[in-house]
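Next come the chains, spelled out residue by residue.
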Amino acid sequence: DAAKIMQFIADKPDPQEQQVARDQLRQIVAYAEENGCRRSHLLRYFGETGAAAACDGCDNCLSPRETYDGTLAAQKLLSCVYRLREASPNFSVGLNHIVEVLTGADTDKIRRWGHDRLSTYGIGDDLPRPQWQAAGRELVRLGLLEQSADMFGTLALTAAGLDTLRERRPVTLTRPLLPTAA
């Protein structure tokens with residue numbers, strides 16, 4: 001659905017309107033994929049402080065989502081972002097391109113920029129692309145990556161992400177939700 005909405009946003013004539021809509025879409029996707037208490041998330045969004053960590057009433061409190069040791073996946077993804085920036089300092093990329101590099105996709109863009117020669121090219125073929133996408137979005141929510149607010153949503157390592165990569169800190173990720181049939 002997010003991809004379809006991004007297309008609608010691209011059709012808006014006003015660049016400022018597009019920017020606001022992209023930001024709103026990112027926020028709603030983050031809320032939908034939130035693994036913590038949704039009530040607390042909403043209260044923080046509206047500036048409420050001191051809210052309980054759990055409401056014991058939302059879907060995530062009543063039925064917590066499964067987590068897993070995502071250290072290896074996080075290391076691969078963070079390393080890929082680092083290597084891409086190292087190889088192309090003036091070339092920022094979004095999550096889709098990072099996932100394509102990780103999974104070893106053979107695209108014109110990857111070949112043109114030499115990203116098929118990176119040490120991280122193809123090291124993520126053990127996971128499907130949607131799982132890499134979910135992991136990338138979660139690393140943004142965890143503050144290990146930052147995503148630009150422009151239409152491309154380019155990613156960069158944060159100081160915490162660089163520290164996690166260098167110090168091989170453990171990372172716990174949440175299993176992505178599976179789409180349900182409508």
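Bear in mind the structure is a predicted one, so any value in this text is a computation, not a measurement.

The helix and strand inventory of the chain stands at nine helices and four strands. Ordering the α and β elements of the chain from the N terminus gives α-α-α-α-β-α-α-α-α-β-β-α-β. Each principal axis of the C-alpha atoms in the chain carries an extent, and together these give about 50 × 45 × 35 Å. Counting the 182 residues in the chain, one finds 37% classified as buried. Intrachain contacts of the chain at a sequence separation of at least 6 include 57% that bridge at least 24 residues. Carbon and sulfur atoms provide 53% of the accessible area of the chain, an area that totals close to 11000 Å². Of the charged side chains in the chain, 22 are positive and 24 negative, and the gap between their average positions amounts to 3 Å.

On to unusual backbone geometry. Backbone phi values are negative for most residues with the exception of glycine, while trans is the configuration of most peptide bonds. We note that D56 has phi near 60°; this positive angle belongs to a residue other than glycine. Locating D56 in the fold gives a position in the loop between α3 (38-45) and α4 (59-62). In this structure, R168 is a non-glycine residue whose phi angle is positive, near 50°. When you line up the elements, R168 lands in the loop between α9 (159-167) and β4 (172-174). The exposure class of R168 is exposed, given its relative accessible area of 64%.

In this section: the environment of Q131. Within the secondary structure, Q131 sits in helix α8 (residues 129-141). Q131 sits 46 residues away from L177 along the chain, and the two C-alpha atoms are 9.6 Å apart.

This part covers the packing of helix α6 (residues 95-102) against α8. Helices that pack against each other are described as a pair by the angle of their axes relative to one another and the distance between those axes. It is the contact of α6 with α8, at a shortest axis distance of 10 Å, that shows an interaxial angle of 130°. The angle between α6 and α8 places the two elements in the oblique class. In this structure, the crossing between α6 and α8 has a hand that is right-handed. Facing α6, whose interface residues are L95, N96, V99, E100 and L102, α8 presents R129, W132, Q133, G136 and R137. Broken down by class, the residue content of the contact of α6 with α8 amounts to four nonpolar, three polar and three charged.

With 28 residues, the main nonpolar core has L77, L78, L84, I98, L139, L145 and L173 as its most contacted residues. Broken down by secondary-structure element, the contributors of at least two residues to this core are α5 (71-87), α6, α8 and β3 (155-157). Looking at this core element by element, the count peaks at seven residues for α5. With sequence-adjacent residues up to four places away left out, L139 is seen in contact with A74, L77, L78, L144, L145, V171 and L173.

Taken as a whole, this structure holds one aromatic pair when the rule is applied. Ring geometry for Y45 and F46: centres 4.9 Å apart, planes at 90°, overall edge-to-face. Comparing Y45 with F46 shows no difference in burial state: the two are exposed. Over the ring of Y31 we find R38; its NZ or CZ atom is 5.4 Å from the centre of that ring.

An α-helical turn contains 3.6 residues, so a residue and the one three or four places further along point in the same direction. Residues of α9 that are buried: G161, T164 and L165. Seen from one end, α9 has its buried residues packed into an arc of 95°, which puts them on one side. Relative to its buried face, α9 has exposed residues pointing more than 90 degrees away, namely A159 and R166. Turning to α9, the residues buried within the fold contact α5 and β3. Phi for R168, located one or two positions after α9, is positive at around 50°.

Rules used in this analysis
- Residues numbered from 1 in each chain as written.
- Predicted model: local features only at pLDDT ≥ 70, side-chain atom pairs only at ≥ 80, totals over all residues.
- Heavy atoms only, no water.
- Helix = DSSP H or I, 4+ residues; strand = E, 2+ residues; numbered from the N terminus.
- Buried < 20%, exposed > 50% of the residue type's maximum accessible area, 1.4 Å probe, protein only.
- Contact = heavy atoms within 4.5 Å.
- Areas by Shrake-Rupley, 256 points an atom, 1.4 Å probe, with all protein chains shown as cover.
- Lys, Arg positive; Asp, Glu negative; His and termini not counted.
- Charge placed at Lys NZ, Arg CZ, Asp CG, Glu CD.
- Axes fitted to C-alpha atoms, helices over the stretch in contact; angles between N-to-C directions.
- Parallel < 35°, antiparallel > 145°, perpendicular 65-115°, else oblique.
- Left-handed = near helix turned anticlockwise from the far one by under 90°.
- Nonpolar A, V, L, I, M, F, W, Y, C, P; charged D, E, K, R; others polar.
- Core = buried A, V, L, I, M, F, W, Y, C linked by side-chain atoms within 4.5 Å.
- Phe/Tyr/Trp six-rings, centres within 6.5 Å; stacked < 30°, edge-to-face > 60°.
- Lys NZ or Arg CZ within 6 Å of the ring centre and 35° of its normal.
- Arc of directions from axis to C-beta.

What is shown is where atoms sit, not what they do.
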